[in-house]
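Here is what each chain is made of, one letter per residue.
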Amino acid sequence: MFDRLEAVEERYERLNELLMDPDVISDTKKLREYSKEQSDIEETVTTFRQYKEIKQQFDEAKGMLQESLDQEMREMVKMELEELEEQIPPLEEKLRVLLLPKDPNDEKNVIVEIRGAAGGDEAALFAGDLYRMYSRYAEAQGWKPEVIESSENDIGGFKEIIFMINGKGAYSKMKYENGAHRVQRVPTTESGGRIHTSTATVAVLPEAEEVEVDIHDKDIRVDTFTSSGPGGQSVNTTMSAVRLTHIPTGVVVSCQDEKSQIKNKEKAMKVLRARIYDKFRKEAEAEYAQNRKSAVGTGDRSERIRTYNFPQSRVTDHRIGLTLQKLDQILQGNLDEITDALIVEEQSRAMEEAGK
């Protein structure tokens, strides 16, 4: 492990030199590439240097005990040794985690697609609850949610809502929401007080940059149409809504949230690029995923990942068997306890595999 850490530190120093090189500074692509690489390993290097400093202090204090010291000084050195010794194992554990292979998409913005599934109007209402939960979570993280496309039903729910979350590291946490979410509660439309079970699906896609997905104009069919839905003078009057069809893959995206056709097309292109990138990524990883069954929560949307039980104010994440009696807090966007537990589980499994 320490040989790898030394190599990472050497690379970090080399990147410092490269980022001061006039040839690199004048090359936007290289500058961005090296800056990102340095940013990715900065925490590892900082932690390793902290570890080395504490280890050096520990060795020096240990050496002092070999010298002739009075009783008071000897006790002080022993206390310092105990304090330093306690700091070493947690830092070693953190370094092992930092050396695990990272998901290259972790730092990206995300596009989230929520659709009401089984349960009709109740499923659409639940889709709305999930959207609000994620919006609050995003805002608490300092991220910015932005609606791209939505289709409301008559009672305030969403048959479908697609939105973007802009923020560093959004995918690293939001990717665990990918799957089928189940709700158990008495619907407002239920007069007999019976508990119904409904589901909504959540798809979390990393935003793809243009350099990652090569989409040619000739491969895209663009259709414009009048927007529909409640509110706004432009509704049903101007051809502002846009539908993009990527002919080679058959992926279709529409957007009508903005009054401007240009803005709708820009938003639709982001979703189109993300969907195509996700399609190719999943195809490329299919064989690998069959061999590696330990991944937590990044499967397809048919996987039932979580149940929200209203009568008992209970949320259960089925992937790790975690149950919390905090339904209200979680729906308010307090997802950290669930997300942190999923990250720890994923890291633990990755470390087990690395040790095989």
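Criteria and cut-off values
Residue indices begin from 1 for each chain and proceed along its sequence in written order. Reporting of local features is limited, given that this is a predicted model, to residues whose pLDDT is at least 70; pairs of side-chain atoms are given and counted only at 80 or more, and all residues count toward the totals for whole chains, interfaces and linings. With hydrogens and water set aside, each side-chain value is computed from the structure's full complement of heavy atoms. Between any two strands, at least two bridges found by DSSP are needed for them to pair. The helix count covers DSSP runs of H or I at least four residues long, the strand count covers runs of E at least two residues long, and both are numbered beginning at the N terminus. The axes are straight lines fitted to the C-alpha atoms, using for helices just the contacting stretch, and the angles between their N-to-C directions are given from 0 to 180°. A pair is scored as a salt bridge if a Lys or Arg side-chain nitrogen falls within 4 Å of a carboxyl oxygen belonging to Asp or Glu. Remark: exposure states derive from per-residue accessible area (1.4 Å probe, protein chains only) relative to the maximum for the residue type, with buried under 20%, exposed over 50%, and partly exposed in between. Here, nonpolar core means buried Ala, Val, Leu, Ile, Met, Phe, Trp, Tyr and Cys residues that are tied together by side-chain atoms lying within 4.5 Å of each other. Residue contacts follow a heavy-atom distance rule, with two residues in contact if any of their heavy atoms lie within 4.5 Å. An expected span of 1.5 Å times one less than the residue number is assigned to each helix. A 3.5 Å cut-off defines polar contacts: any pair of N or O atoms within that distance qualifies, except that in protein one atom must be a possible hydrogen donor and the other a possible acceptor, and neighbouring residues in sequence count only when both atoms are side-chain atoms. Centre distance within 6.5 Å is the pairing criterion for rings of Phe, Tyr and Trp, where only the six-membered ring of Trp is used; planes under 30 degrees apart are then read as stacked, over 60 as edge-to-face, and the remainder as tilted. Our definition puts a charge over a ring when NZ of Lys or CZ of Arg is within 6 Å of the ring centre and also within 35 degrees of the ring normal.

Participant: Please set out the sheet that holds strand β6 (residues 220-225) residue by residue, giving values where relevant.
Facilitator: The three strands lie next to each other as β6-β7-β8, forming an open sheet whose pairing is antiparallel. Since the sheet does not close on itself, it has two edges, and those belong to β6 and β8 (251-255), each with one partner. Adjacent strand axes in the sheet meet at a mean angle of 15 degrees, parallel and antiparallel pairs treated alike. Of the strand pairs in this sheet, strand β7 (residues 241-246) and β8 are connected by five bridges, and their pairing is antiparallel. Along β8, the bridge assignment pairs R243 with S254.

Participant: Residues and numbers for the pattern of salt bridges, please.
Facilitator: A full pass over the atoms with the stated rule returns 25 salt bridges. Taking the shortest distance from any N to any O, the salt bridge between R185 and E122 comes out at 2.4 Å. Of the two residues, R185 sits in strand β4 (residues 179-185) while E122 sits in helix α5 (residues 120-140), which places them 63 residues apart along the sequence. What makes E122 buried here is its relative accessible area of 8%. For the salt bridge of R319 with D317, the shortest nitrogen-to-oxygen distance reads 2.6 Å. In this structure D317 comes out as buried when scored by relative accessible area, which is 1%. When salt bridges with common partners are traced through the structure, they connect E9, E13, R49 and K52 into a single cluster.

Participant: Tell me what's going on with the nonpolar core, and back it up with residues and numbers.
Facilitator: Within the largest apolar cluster, 34 residues are counted, with the highest numbers of intra-cluster contacts made by I114, L130, Y134, F163, I165, M174 and Y308. Breaking this core down by element, the ones donating at least two residues are β1 (110-116), α5, β3 (158-166), α6 (170-174), β5 (196-206), α8 (327-331) and α9 (336-354). The greatest single-element share of this core, amounting to eight residues, is contributed by α5. Filtering out sequence-adjacent residues up to four positions away, Y308 remains in contact with F126, L130, M133, H181, R182, V183, Q184, R314, V315, L327, I330 and L331.

Participant: If you had to explain helix α4 (residues 71-98) to someone new, which residues and values would you point to?
Facilitator: Taking 1.5 Å per residue as the helical rise, α4 with its 28 residues ought to reach 40 Å, and the 41 Å between its terminal C-alpha atoms agrees with that figure. Within the span of α4, buried status applies to V77, L81, L84, I88, L91, E92, L95 and L98. On its buried side, α4 packs onto α1 (2-18) and α3 (28-64).

Participant: With reference to specific residues and values, describe the side chain of T47.
Facilitator: Along the chain, the position of T47 falls in helix α3. Here E43 takes part through its backbone oxygen, which lies 2.8 Å from a polar atom of the side chain of T47. Setting aside residues no more than four positions away along its own chain, T47 makes contact with L91, K94, L95 and L98.

Participant: How would you summarise the packing of aromatic side chains if you had to cite specific residues and measurements?
Facilitator: Scanning the model with the defined rule gives five aromatic pairs in all. Between the aromatic rings of F2 and Y51, the centroid separation amounts to 5.4 Å while the plane-to-plane angle is 20 degrees, which identifies the pairing as stacked. With F2 in helix α1 and Y51 in helix α3, the pair connects residues that are 49 residues apart, well separated along the chain. Taking the centre distance of 5.8 Å and the plane angle of 90 degrees together, the rings of Y137 and W143 count as edge-to-face. Residue class for Y137 comes out buried when judged on its relative accessible area of 1%. Aromatic ring contacts, followed pair by pair, group Y131, F158 and F163 into a single cluster. Its end group placed over the ring of F310, R185 keeps NZ or CZ at 4.7 Å from the ring centre.

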